[in-house]
Amino acid sequence: IYDDIKTLLNGNTANLNYIDGDDVKTLEAIIESSTPYKGNGIQLAKASKDNLTKKVLEAIKSEKEIFNTKMDAIEKAIQDSDEFSKIDDGQKRQVQKIILETKQKVKEERFIGNIRDVTRNSEDNLYSDQMNLMSKWLAPKPKSGKVEEPQAKYIKKSNIRVEFVKHELTNEEDVEAYVEALKEAYLERIRQNLKITL
């Protein structure tokens, strides 16, 4: 039991920061004790170990479910796009391969922080990156002596900086002013031939 506790603490250091409760402290106290075998400490520690193991596994499962829900929505949005319907089967497989590789990476991951990083990165970049890739494939090929229209590129709304002097909205006028600033920021990107992903 003592060895199992040490293995649990050493092998899940990165995950333990995400777990609530006193189980970690109980186990650390046993490991740090010079006489862990005295009294009923080991029995209490075993209960904490079993509880902590269950919590870690449930937390990992929960993070993977959150990732899968968000990834499914991103995948559907990509597949429902006009661009996806226009690219050839080989290109569709290439787009699908990136999505499948990301899903496989999370499926094999056992650290909560890493799962959250992949989820965040997928939300921030995966859709825009794939839409830009498909847009590039579909862009008209330049003909000699003729200048082609620049291809549209995709930008995520969170990457658009809104110029606004205040740091909080406290009344209707603030909201109206912010909405106007937001509108101008978005229109500026549209004028630059960018498409904004929501």
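Nothing here was measured: the structure is a model prediction, and the numbers come from that model.

### Observations regarding the environment of Ser128
Now for step 1: Position of Ser128 relative to the elements: it lies in helix H7 (residues 112–138).
Now for step 2: Accessibility expressed as a relative area gives 8% for Ser128, which makes it buried.
Now for step 3: On a C-alpha basis, the gap between Ser128 and Lys195 in space is 9.4 Å, while along the polypeptide they are 67 residues apart.
Now for step 4: Apart from the residues lying within four places of it in its own chain, the contact partners of Ser128 are Tyr154, Ile155, Lys156 and Thr197.

### Points about a nonpolar patch on the surface
Now for step 1: A surface patch of nonpolar side chains, amounting to about 230 Å² of accessible area, comprises Leu169, Val175 and Val179.
Now for step 2: On the secondary structure map, Val175 appears in helix H8 (residues 172–191).

### Some words on the packing of aromatic side chains
Now for step 1: Under the definition given, this model contains one aromatic pair.
Now for step 2: Ring centres of Phe164 and Tyr178 lie 5.3 Å apart, and the angle between their planes is 85 degrees; this geometry places the pair in the edge-to-face category. Separated by 14 residues along the polypeptide, Phe164 in the loop between strand E1 (153–156) and H8 and Tyr178 in helix H8 bring together distant segments of the chain.

### Things to note about the pattern of salt bridges
Now for step 1: Counted according to the given criterion, the structure contains 13 salt bridges.
Now for step 2: Of the charged contacts in the structure, one is a salt bridge between Asp80 and Lys76, with a shortest N-O distance of 2.6 Å. For the pair shown, Asp80 and Lys76 are each scored as exposed.

### Details of the pairing of E1
Now for step 1: In the sheet, E1 pairs with strand E2 (residues 194–197) via four bridges, with the strands oriented parallel. Bridge pairing in E2 places Tyr154 opposite Lys195.
Now for step 2: Once you follow E1 into H8 and on to E2, the crossover reads as right-handed.

### What about a negative patch on the surface?
Now for step 1: Side chains of Glu172, Glu173, Glu176 and Glu180 sit close together on the surface and give a patch of like negative charge.
Now for step 2: Take Glu176: it is sitting in helix H8.
Now for step 3: A relative accessible area of 58% means that Glu176 is categorised as exposed.

### Details of the nonpolar core
Now for step 1: Counting 29 residues, the largest nonpolar core has Leu27, Leu52, Ile78, Val95 and Met134 as the members making the most contacts within it.
Now for step 2: Every element with two or more residues in this core is listed here: helix H1 (2–11), helix H3 (23–32), helix H4 (41–79), helix H6 (89–108) and H7.
Now for step 3: Those residues in contact with Val95, other than ones at most four positions away along the chain, are Ile78, Phe84, Ile87, Gln130, Met134 and Trp137.
Now for step 4: One finds Ile155, Val162, Ala181 and Ile196 within the second-largest nonpolar core, a separate group that totals seven residues.

Cut-off values and rules
All residue numbers refer to position in the chain's written sequence, counted from 1. In keeping with the model being predicted, local features are shown solely for residues with a pLDDT of at least 70 and side-chain atom pairs are shown and tallied solely at 80 or more, while totals for entire chains, interfaces and linings include all residues. Only hydrogens and water are removed before side-chain values are computed, so all heavy atoms of the structure are retained for them. Runs of E in the DSSP output that reach at least two residues are strands. Runs of H or I that reach at least four are helices, and both are numbered from the N terminus. When a residue's accessible area, from a 1.4 Å probe over protein chains only, is under 20% of the maximum for its type it is buried; when over 50% it is exposed; and in between it is partly exposed. Should any heavy atoms of two residues lie within 4.5 Å, those residues are considered in contact. Any residue with relative accessible area above 30% and no salt bridge may belong to a patch, with like charges joined within 9 Å and the nonpolar Val, Leu, Ile, Met, Phe, Trp and Tyr side chains within 5 Å. In short, Shrake-Rupley with a 1.4 Å probe defines the accessible areas, and a residue's cover is counted only from the protein chains shown. Basic side-chain nitrogens of Lys or Arg form a salt bridge, by our definition, when they fall within 4 Å of a carboxyl oxygen of Asp or Glu. Two aromatic rings from Phe, Tyr or Trp, using only the six-membered ring of Trp, form a pair when their centres are within 6.5 Å; if the ring planes differ by under 30 degrees the pair is stacked, by over 60 it is edge-to-face, and anything between is tilted. By definition, two strands form a pair when at least two bridges between them are found by DSSP. A clockwise course of the path from the first strand over the helix to the second, judged with the strands pointing away from the viewer, identifies a crossover as right-handed. When charges are counted, neither His nor the chain ends are considered; positive counts come from Lys and Arg and negative counts from Asp and Glu. Positions of charges follow a simple convention, taking NZ of Lys, CZ of Arg, CG of Asp or CD of Glu. In plain words, nonpolar cores are sets of buried Ala, Val, Leu, Ile, Met, Phe, Trp, Tyr and Cys residues tied together by side-chain atoms within 4.5 Å.

Remember that the coordinates give geometry; whether it matters functionally is a separate question.
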